[in-house]
Amino acid sequence: MDFALSDEQVALAEAERAWLTKNDPLLVRRPTIDDGPARIPAPALRHVAESGIIGLLTSEMGGTHVDLLVLSEEHGRSGSSVPVAELAIACRLLEQIGHPALDEVASGESLTIPAVGSLETGALHADVDGTSLRLHGTTAPVTGLVDAQRVLLVAATADGTEVAALVDAASVEVRALHTLDVTRSWAVADLDVTLGEDEWSTVPAGTLAFLRDELSTFRSVDALGAASRLLELTVEYAGQRTQFDKPIGSFQAVKHHCANMALSVEASRAAVWAAAVALDGDDAAVRERAVSAAAAFAGEGTSTTAQSALQVHGGIGFTWEHDVHLLIRRIKVDELLDGSVSYHRRRLISA
């Protein structure tokens, strides 16, 4: 595939990085780490709403999944708690079903997070009885759910009919999870709700699969951003830390670690770019292969990069005051959610 980011996409990424550097999410998070799950700061939510990121994938904005990728990578790189991909995906789905809440959600007035059943267990069930829909079970872990006013649920009935429903977060039980990742909140929704005729919609076949592929891709993009930042920190540290009156970066073993990290980051970036391009295409089979290839490759690659970063940093890498361990924690959670490496490898084999 011959692909490169456009000048506009490069400028988009640079602008978002500048804002995140000025409003360092990890610096904002550190004083509240012991107080509970990371919350989405009001200034950050206002920023993504006013800059049009939430509505990026709607027809009015005309953005692509590649546009969303460059933004999501920057948020992963900075350790941001804002689920930019999930917010944009929710808006896209609301436009698809023609929901009247679209403008309210796109403006950031009502924070809406999409949720589906687990890829491994499929624990979210939908039953249609006449004009009523019953949704019951537990969603897969979702970031940002503890701050959401609404949840956009997508599920399939026993006969394969796919449905979507926007429900108030107050009508479900949001159960916060304790994970390695302290830079974002993670939660599941336990629910048993019955909705009337005007409160849910059927959606085209394949909507659920497409949504799962979006979530899997952007979980890998987030890990890529964190791994890219770890590479920068590691190279910088290797040039400053000395042993035997020489920077450790001059030692061949450390050079090899840094080179392997750089290779892994760039190869993972190529894989997730291919997945994002496939999400913007029309071929479902190509999309599924590209997404699983990216999730499997980047999932392992970013995790290996994180381990190498810790090895080069040594003891300082896991001290509480350093950012390295925070990014490593984030990558390890990304590796497991929205489809593990082993899940996507099995999916590739069976495709």
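Residues numbered from 1 in each chain as written. Predicted model: local features only at pLDDT ≥ 70, side-chain atom pairs only at ≥ 80, totals over all residues. Heavy atoms only, no water.

1. Considering the packing of helix α1 (residues 7-22) against helix α4 (residues 65-78)
Angle between the axes and distance between the axes: these two values describe a pair of packed helices.
Alright, step 1. Running from amino to carboxyl end, α1 crosses α4 at an angle of 25°, the nearest separation of the two axes being 9 Å. Accordingly, the angle class assigned to the pair α1 and α4 is roughly parallel. You can see that α1 and α4 cross each other, and the crossing is right-handed. Counted together, Q9, L12, A13, E16, R17 and L20 of α1 and V66, D67, V70, L71, E74, H75, R77 and S78 of α4 form the full contact between these two elements.
Alright, step 2. Looking at the contact of α1 with α4 residue by residue, the classes come out as six nonpolar, three polar and five charged. (Axes fitted to C-alpha atoms, helices over the stretch in contact; angles between N-to-C directions. Helix = DSSP H or I, 4+ residues; strand = E, 2+ residues; numbered from the N terminus. Parallel < 35°, antiparallel > 145°, perpendicular 65-115°, else oblique. Left-handed = near helix turned anticlockwise from the far one by under 90°. Contact = heavy atoms within 4.5 Å. Nonpolar A, V, L, I, M, F, W, Y, C, P; charged D, E, K, R; others polar.)

2. Some thoughts on helix α11 (residues 341-350)
Alright, step 1. Those residues of α11 that sit buried are V341, Y343, H344 and R347. Down the axis, α11 shows its buried residues gathered within 160° of arc, on one side only. Pointing more than 90 degrees away from the buried face of α11 are the exposed residues I349 and S350.
Alright, step 2. Here the buried face of α11 lies against α7 (207-240), α9 (284-313) and α10 (324-336). (Buried < 20%, exposed > 50% of the residue type's maximum accessible area, 1.4 Å probe, protein only. Arc of directions from axis to C-beta.)

3. As for the environment of E104
Alright, step 1. Of note, E104 is situated in helix α6 (residues 102-106).
Alright, step 2. The class of E104 is partly exposed, set by a relative accessible area of 28%.
Alright, step 3. When the C-alpha positions of E104 and C91 are compared, they lie 9.8 Å apart, and in sequence the two are 13 residues distant.
Alright, step 4. Sequence-distant contacts of E104, that is, excluding residues within four places in its chain, are made with E109, S110 and R150.

4. What about the pairing of strand β3 (residues 132-138)?
Alright, step 1. Relative to β3, strand β2 (residues 124-129) is paired through six bridges, and the arrangement is antiparallel. Along β3, the bridge assignment pairs A126 with L135.
Alright, step 2. Connecting β2 to the antiparallel partner β3 that follows it, the hairpin turn spans two residues, and G130 within it adopts a positive phi of roughly 70°.
Alright, step 3. Pairing of β3 with strand β8 (residues 186-195), which is carried by six bridges, proceeds in the antiparallel orientation. Note on β8: the bridge partner recorded for H136 is D192. (Pairing = 2+ DSSP bridges.)

5. Brief notes about the packing of α4 against α7
Alright, step 1. Two elements in contact, α4 and α7, have axes separated by 7 Å at closest approach and are oriented at 45°. In this view, α4 runs oblique relative to α7, as classed from their interaxial angle. Our pair here, α4 against α7, has a crossing hand that is right-handed. Here H65, L68, L69, S72, E73, G76 and R77 of α4 come into contact with α7, specifically with F210, E214, F218, V221, D222, L224, G225, A226, S228, R229 and E232.
Alright, step 2. In terms of residue class, the contact of α4 with α7 is built from seven nonpolar, five polar and six charged.

6. Considerations on the environment of E300
Alright, step 1. On the secondary structure map, E300 appears in helix α9.
Alright, step 2. In this structure E300 comes out as partly exposed when scored by relative accessible area, which is 41%.
Alright, step 3. Sequence separation of E300 and S220 is 80 residues, and the distance between their C-alpha atoms is 10.0 Å.
Alright, step 4. Those residues in contact with E300, other than ones at most four positions away along the chain, are V341 and R345.

7. Considering the sheet that holds strand β5 (residues 150-156)
Alright, step 1. Overall, mixed pairing links the four strands, which are arranged β1-β5-β6-β9 in an open sheet. With one partner strand each, in any of the chains shown, β1 (112-115) and β9 (201-203) form the two edges of the open sheet. Taking the axes of each pair of neighbouring strands and ignoring which way they run, one obtains an average angle of 25° across the sheet.
Alright, step 2. Bridging between β5 and strand β6 (residues 162-168) involves seven bridges; their strand directions are antiparallel. Note that in β6 the partner of V151 across the bridge is V167.
Alright, step 3. Taken strand by strand, helix α5 (residues 84-96) contacts β1, β5, β6 and β9, and its axis lies near 80° from that of β1.
Alright, step 4. Sheet contacts for α7: β5, β6 and β9; angle to β5, the most-contacted strand, approximately 125°.

8. Considerations on the side chain of S220
Alright, step 1. Mapped onto the fold, S220 is located in helix α7.
Alright, step 2. Contact partners of S220, with chain neighbours within four places excluded, come to V272, A294, A295 and A298.

9. Quick look at α1
Helical periodicity: at 3.6 residues per turn, an α-helix aligns residues three or four positions apart in one direction.
Alright, step 1. Here α1 contains 16 residues, and its C-alpha end-to-end distance of 23 Å stays within 8% of the 22 Å for a straight helix at 1.5 Å per residue.
Alright, step 2. Looking at α1, one finds that the buried residues are Q9, A13, E16 and L20. Summarising the axial view, the buried residues of α1 lie within an arc of 70°, below the 170-degree limit, and thus occupy one face. α1 presents D7, E8, E14, T21 and K22 as exposed residues on the side facing more than 90 degrees away from its buried surface.
Alright, step 3. Elements in contact with the buried residues of α1: α2 (25-29), α3 (42-50) and α4. (Expected span 1.5 Å × (residues − 1).)

10. A closer look at the pattern of salt bridges
Alright, step 1. Counted under the stated rule, the structure contains 24 salt bridges.
Alright, step 2. The shortest N-O distance in the salt bridge between E232 and R77 comes to 2.7 Å. One end of the pair, E232, is in helix α7; the other, R77, is in helix α4, with 155 residues separating them in the sequence.
Alright, step 3. Note on E232: relative accessible area 29%, which makes it partly exposed.
Alright, step 4. Residue R134 pairs with D192 through a salt bridge whose shortest N-O separation is 3.0 Å. With R134 in strand β3 and D192 in strand β8, this pair connects stretches of sequence that are 58 residues apart.
Alright, step 5. Overlapping salt bridges bring together E86, D181, R184, R219, D222, R330, D334 and D338 as one network. (Salt bridge = Lys/Arg side-chain N within 4 Å of Asp/Glu carboxyl O.)

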